[in-house]
Each structure stands twice: as C-alpha cells, then as structure tokens.
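# Examination of the molecular architecture
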Amino acid sequence: MAGRGAAAPPLFGAAVAGSLAVCAVQLGLAWALGRRLGGRCAPADRWVLGWLCYDVLVHCTLKPSQCAHSTSCTHHTGQEGPFVYLSLIGTVAESDNIFASLWKEYGRADARWLYSDPTIVSLEILTVVLDGLLALILIYAIIKDKYYRHFIQITLCVCELYGGWMTFCPDWLIGSPNLNTSNWLYLWVYLVFFNGIWVVLPGLLLWQSWLGLKQMHHEKSNTRKKIR
C-alpha cells in the first residue's frame, strides 16, 4: 500500500468523531436486536444474529449512500428508501449531507470511494442487493431453525469474502495509488479494522457451518447404523 502525497487534515475532528459515533450506534443497535431476536437460540447463534443485524444495517444505510452518490445525474432522483437523504448530484466528494460526510472521512484512507470508482460501485450495488437480502434470509433461518441455514450462511460468507478481495486486489496490483497509509488511523482503523471484520467474521461463520454440517453428517450416519 502506498501513501498519498497530499497534506493530510488533522486526524481527530468532528468528522472522525461523527463517523465513529455512527458505527458505535449501529453496533449497539445491532447487538440489542440480535439479543432480542435470538432469545431462544444458542449463545453462539445470538452472537451470529448480532453480527447479521449489523451487516444488514450497514448494507441498508451506509452502503446505499455510496451507490446513490456515485450515480452521475443532473437532478434529484427521487425518494426511495434510504435514498430519501441520498439522491444528491454527483459524487461523494461533491456532496455535503451527513451520509456523504461519513464517506468523505473514509475516503481520506481510500480515495476511490470519493470519485465513483467503477469497481467499487459495482461491488457495492451487488453487496447492497444480494448480501443484504441473504443476511435477512439468514436471520430468519437461524431464528426458525430452517434446514437451509448453512447453505445461506456459506453463500453469504463467500460473497462477502469475494467482495473484500475485489475491493482491494485491483488497487494492490497497480501499486495502491488510492490508499493512504500515512498514519495509523487511516491504515489500522479505516483500512485494516473496518474491512478486516468482513474477512474475519465471515471466516468464522464458514468454520461454524463446517462444524454444523459435519455434526449433521455424523448424526445421520449414526442413525443409519442403528437402523441396520
């Protein structure tokens, strides 16, 4: 990853505090929803539900804002769901509402989010529509103990890992000109932590599905042996 030469603004200010506060509020709300929805679930699944609620909140609030700002237009596009706040002209860099300010702050670490990079926008359209829907289905499957739970869980995790890879690999291959790693906040908090959770947690959920499918296979095999 290569640092950018432009002079960096002060690390800590209203934008940083606001961005981190929004993340904290979303995390707290997701945890509360996960605990409430998973009241009858196993402890591990309550943690999973908390993560999935956070996943849905991010996909349905912050992520659509990126797609909305990244659509070039000459007039307001209407009020559709979260786009009621986000149907602004131009790119994130040219917008000035509260959601744009959050992405502007992150854009100090990865400039592609400011200027409608086609790869980023394409991935975010996919994650908003597909990953958000899969996360909702998975929440239902866990609560209702549906047979397709692990199929959906594996599919969602693979999609999120693929999204993470395609977010950064194209930039790495050209020397990371868009990534600002000049200070610890941008590198370790914005780039590593906030992207790393979408690698570590899907990886853990894949491992959970592996163990769950393995257990179901053993139980089925033992049942067959007893019948014989």
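Residues numbered from 1 in each chain as written. Predicted model: local features only at pLDDT ≥ 70, side-chain atom pairs only at ≥ 80, totals over all residues. Heavy atoms only, no water.

## Overview of the overall build of the protein chain
To keep it simple, the criterion reads: Helix numbering and strand numbering both begin at the N terminus, where a helix is a DSSP run of H or I of at least 4 residues and a strand a DSSP run of E of at least 2. Only protein chains enter the accessibility calculation, which uses a 1.4 Å probe; a residue whose area is less than 20% of its type maximum is buried, one above 50% is exposed, and one in between is partly exposed. It only takes one pair of heavy atoms within 4.5 Å for two residues to be counted as in contact. Throughout, the Shrake-Rupley method with a 1.4 Å probe supplies accessible areas, and for residues the shown protein chains are the sole cover considered.
Secondary structure assignment for the protein chain yields six helices and zero strands. Looking at the protein chain as a whole, 42% of its 228 residues qualify as buried. Across the protein chain, contacts joining residues at least 24 apart in sequence account for 65% of those joining residues at least 6 apart. For the protein chain, the accessible surface area stands at approximately 12900 Å², while carbon and sulfur atoms represent 67% of it.

## A few points about the nonpolar core
For the record, the criterion: Grouping buried Ala, Val, Leu, Ile, Met, Phe, Trp, Tyr and Cys residues that are joined through side-chain atoms within 4.5 Å yields what is termed a nonpolar core.
Counting residues in hydrophobic clusters, the biggest one holds 22 residues, and the most contacted among them are Trp-51, Leu-52, Tyr-54 and Ile-142. Elements represented by at least two residues in this core include exactly α2 (43-69), α4 (118-143), α5 (149-173) and α6 (184-227). Looking at which element gives the most residues to this core, the answer is α2, with nine residues. Contacts of Ile-142, omitting those with residues within four sequence positions, involve Cys-41, Asp-45, Val-48, Leu-49, Leu-52, Arg-149 and Gln-153. Counting residues in hydrophobic clusters, the runner-up holds 17 residues, among them Val-16, Leu-114, Phe-168 and Val-189.

## Side note on the environment of Leu-206
Tracing the backbone through its elements, the reader meets Leu-206 in helix α6. Look at Leu-206 and you get partly exposed, because its relative accessible area is 25%. Sequence separation between Leu-206 and Ile-154 is 52 residues, and the spatial gap between their C-alpha atoms is 5.9 Å. Excluding its chain neighbours within four sequence positions, the residues that come into contact with Leu-206 are Ile-154, Cys-157 and Leu-161.

## Concerning helix α1 (residues 14-37)
In an α-helix there are 3.6 residues to a turn, and that puts residues three or four apart on one side. In plain terms, the rule: The span you would expect from a helix comes to 1.5 Å times its residue count less one.
End to end, α1 covers 34 Å across 24 residues, agreeing with the expected 34 Å (1.5 Å per residue, within 8%). Within the sequence span of α1, burial applies to Val-16, Ser-19, Cys-23, Gln-26, Ala-30 and Gly-34.

## Looking at the confidence of the model for the protein chain
Residues shown with low pLDDT carry predicted positions that ought not to be read at fine detail. Condition: A residue's pLDDT is the confidence the predictor assigns to it, expressed on a 0 to 100 scale.
A residue-level look at the protein chain finds 82% of positions with pLDDT of 70 or above and a mean pLDDT of 82. Within the protein chain, the lowest mean pLDDT, 79, falls on helix α3 (residues 98-107), and the highest, 96, falls on α5. Contacts for the low-pLDDT stretch residues 1-6, under 50 throughout, to residues beyond four places or in other chains number 19 contacts. Segment residues 72-89 is flagged for pLDDT under 50; beyond a separation of four residues in sequence, or across chains, it makes 31 contacts in the model.

## Here's the deal with the side chain of Arg-149
The criterion, for reference: Each polar contact in these results corresponds to two N or O atoms within 3.5 Å; when the atoms are within protein, one needs to be able to donate a hydrogen and the other to accept it, and residues that are neighboring in sequence are counted only if both atoms are side-chain atoms.
Locating Arg-149 in the fold gives a position in helix α5. Using a relative accessible area of 9% as the deciding quantity, one classes Arg-149 as buried. Within polar-contact distance, the side chain of Arg-149 engages the side chain of Asp-45 at 3.0 Å. The contact partners of Arg-149, leaving out residues within four places of it in the chain, are Asp-45, Val-48, Leu-138, Ala-141, Ile-142 and Gln-208.

## So, the packing of aromatic side chains
The description of an aromatic ring pair uses the distance of the two centres, along with the angle that the planes make with each other. Note the threshold: Planes of paired rings set the category: under 30 degrees apart is stacked, over 60 is edge-to-face and the rest tilted, where pairs are Phe, Tyr or Trp rings (Trp by its six-membered ring) whose centres lie within 6.5 Å. Look at NZ for Lys and CZ for Arg. If either is within 6 Å of the ring centre and within 35 degrees of the ring normal, a charge sits over the ring.
Scanning the entire structure with this criterion turns up 12 aromatic pairs. Ring geometry for Trp-165 versus Trp-172: centroids 6.2 Å apart, planes at 80°, classification edge-to-face. Site record: aromatic cluster; members linked through ring pairs are Tyr-106, Trp-113, Tyr-186, Tyr-190, Phe-193 and Phe-194. Its end group placed over the ring of Phe-168, Arg-112 keeps NZ or CZ at 5.8 Å from the ring centre.

## Re the pattern of salt bridges
Note the cut-off: For this analysis, a salt bridge means a side-chain nitrogen from Lys or Arg found within 4 Å of a carboxyl oxygen belonging to Asp or Glu.
One pass over the full model with this rule turns up three salt bridges. For Glu-105, the salt bridge identified is with Arg-108, shortest N-O distance 2.9 Å. Between Arg-112 and Asp-110 there is a salt bridge, and its shortest N-O distance comes to 2.7 Å. Side by side, Arg-112 and Asp-110 carry an identical accessibility label, which is buried.

## As for the environment of Ile-197
Inspection of the secondary structure assignment puts Ile-197 in helix α6. The exposure class of Ile-197 is buried, given its relative accessible area of 16%. Setting aside residues no more than four positions away along its own chain, Ile-197 makes contact with Trp-51, Tyr-54 and Pro-202.

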